[in-house]
Amino acid sequence: MRQIAGWLWAILGLGLSVPALPATAEVSALVQLTPARVMPLAEHLRAYGTVEFAPEEGRTLSLEAESLVSQVLVANGQRVHQGEALLRVAPSINDQLQLQQAQIGVRFALTDQQRLESLRTRQLATNAEVQTAQQTLAKAQATLHDLQVRLKALQAGVVRSPIDGVVETVSVHQGDLVAAGQPLLRLSTGSALRILLGVEPEDLPRVKVGDAVRLRPVYGDQFPLSGKIQQIYWQVDPKTRLAQVVVPMAATASLLPGAMVRAQIILGHQKSLAIPDNAVLQQGGRSYCFVDVHGKAQQRWIETGWREAGWIAVSKGLQAGEMVVSLGNYELRDGMALRVAGKS
């Protein structure tokens, strides 16, 4: 230690100077700034839904008589042409028995009416008896005619498509005994669709018929589609616990019945303070941004709202005209010096 001290005194005695150590350089970040501005933004409500055939474009097929399905020739989603066979069917045993009974009833009624008319010519039967027999024959003939009409569609043994379209649903299976009037299958023209969107019940009062909707399939990169709300169902679906709104759409290759879509319901436009959405960062579930204050980064906690076209509404934490860091903010820390891109 005495030797080191001696050297220092020697240096001072010789009038030599010790070089100064360089100061630590200030850490800075290259950023891009954008002023917070007041601008009209659309308030959005996010929703999800499914695509289905428009019900008004469909037709449900049924038969007027009880029938037995012997073969199903089509499946859901299959395109069919007018006149194409859809099902093979046959009259049920019960219908065949009723037809036989009706035919027997007509024969007996006709024989009885002829017998009484013959007796009346010999004054062995009254006019009232003949009239009653004629009424009985008419009823038997009407019953037979009704059965024949109802079973006429089953005589060919095939149910054919009345239109060009798409099979929406097949309600029967091979071997099913189908009651008269029970749906067999449903066809759609395939030219119109509708989208059922689920909306939280508390948000439903904010939605109106005519509100614009932007739609995009959940899977795939198709371009977004636009539509308008046509109907609002003021009840909650017991399965999803959501209310439903209906958006009609023309058929398009990018939307298939059964597909899931995500939607933005545009509730309205209003002027709001906004900043670029890439200026907003997250921490612990809260939003913040960095503001340029005299060349230094200042962290600001903010409250944000809806987004549109790369901008996000800010309801608290900023004032119009303040310069926010919109690029280069991920490496920033509070108080860090800023170097603005494009400025020396």
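That block above? That's the structure.
Cut-offs and rules
- Residues numbered from 1 in each chain as written.
- Predicted model: local features only at pLDDT ≥ 70, side-chain atom pairs only at ≥ 80, totals over all residues.
- Heavy atoms only, no water.
- Helix = DSSP H or I, 4+ residues; strand = E, 2+ residues; numbered from the N terminus.
- Rg over C-alpha atoms; globule rule 2.2 N^0.38 Å.
- Buried < 20%, exposed > 50% of the residue type's maximum accessible area, 1.4 Å probe, protein only.
- Contact = heavy atoms within 4.5 Å.
- Areas by Shrake-Rupley, 256 points an atom, 1.4 Å probe, with all protein chains shown as cover.
- Pairing = 2+ DSSP bridges.
- Salt bridge = Lys/Arg side-chain N within 4 Å of Asp/Glu carboxyl O.
- Phe/Tyr/Trp six-rings, centres within 6.5 Å; stacked < 30°, edge-to-face > 60°.
- Lys NZ or Arg CZ within 6 Å of the ring centre and 35° of its normal.

A. Quick look at the overall build of the protein chain. The helix and strand tally for the protein chain stands at 3 helices and 22 strands. In terms of C-alpha radius of gyration, the protein chain reaches 42 Å, well past the compact-globule figure of 20 Å for 344 residues. When its C-alpha atoms are laid out on the principal axes, the protein chain stretches across 170 × 45 × 35 Å. Out of the 344 residues in the protein chain, the part that is buried amounts to 35%. Residue pairs at least 24 apart in sequence account for 75% of intrachain contacts in the protein chain once pairs closer than 6 positions are excluded. Working note: accessible area of the protein chain is about 21,200 Å², and carbon and sulfur atoms make up 54% of it.

B. Geometry of the environment of Tyr-288. Examined against the element boundaries, Tyr-288 turns out to sit in strand β18 (residues 286-293). Separated by 14 residues in sequence, Tyr-288 and Ile-302 place their C-alpha atoms 5.2 Å apart. Excluding its chain neighbours within four sequence positions, the residues that come into contact with Tyr-288 are Ala-279, Val-280, Leu-281, Gln-282, Gln-283, Gln-299, Arg-300, Trp-301 and Ile-302.

C. Expanded view of the pairing of strand β11 (residues 192-199). When you tally the buried positions in β11, you get 8 out of 8 residues, the bulk of the element. Side chains Ala-192, Arg-194, Leu-196 and Gly-198 project from β11 onto one buried face, and the interleaved Leu-193, Ile-195, Leu-197 and Val-199 project onto a second face that is buried too. Examined bridge by bridge, strand β2 (residues 37-53) and β11 share 6 bridges and lie antiparallel to one another. Counted as the bridge partner of Glu-52 is Arg-194 from β11.

D. A look at the side chain of Asp-211. Checked against the element boundaries, Asp-211 lands in the loop between β11 and β12 (212-217). Assessed through its relative accessible area of 7%, Asp-211 is described here as buried. Among residues more than four places away in sequence, those in contact with Asp-211 are Arg-206, Gly-227, Lys-228, Ile-229, Ile-265, Ile-266 and Leu-267.

E. Structural context of the pattern of salt bridges. Throughout the structure, instances matching the rule amount to 9 salt bridges. The salt bridge involving Arg-307 is made with Asp-277; its shortest N-O contact spans 3.9 Å. In this pair, Arg-307 is assigned in strand β19 (residues 296-308) and Asp-277 in the loop between β16 (260-276) and β17 (281-283), connecting sequence segments 30 residues apart. On the accessibility criterion, Arg-307 (43% relative accessible area) is partly exposed. When salt bridges that share partners are traced, they join Glu-43, Asp-203 and Arg-206 into one network.

F. Quick peek at the packing of aromatic side chains. Taken as a whole and judged by the stated rule, the model has 2 aromatic pairs. Between Tyr-288 and Phe-290, the ring centres sit 5.7 Å apart and the planes meet at 90 degrees, which makes this aromatic pair edge-to-face. Classification of Phe-290 as buried rests on a relative accessible area of 3%. Centre to centre, the rings of Tyr-288 and Trp-301 are 5.4 Å apart; their planes meet at 65 degrees, and the pair counts as edge-to-face. Of the two residues, Tyr-288 sits in strand β18 while Trp-301 sits in strand β19, which places them 13 residues apart along the sequence. The exposure class of Trp-301 is partly exposed, given its relative accessible area of 35%. Directly above the aromatic system of Trp-301 lies the positively charged group of Arg-286, at a separation of 4.1 Å from the ring centroid.

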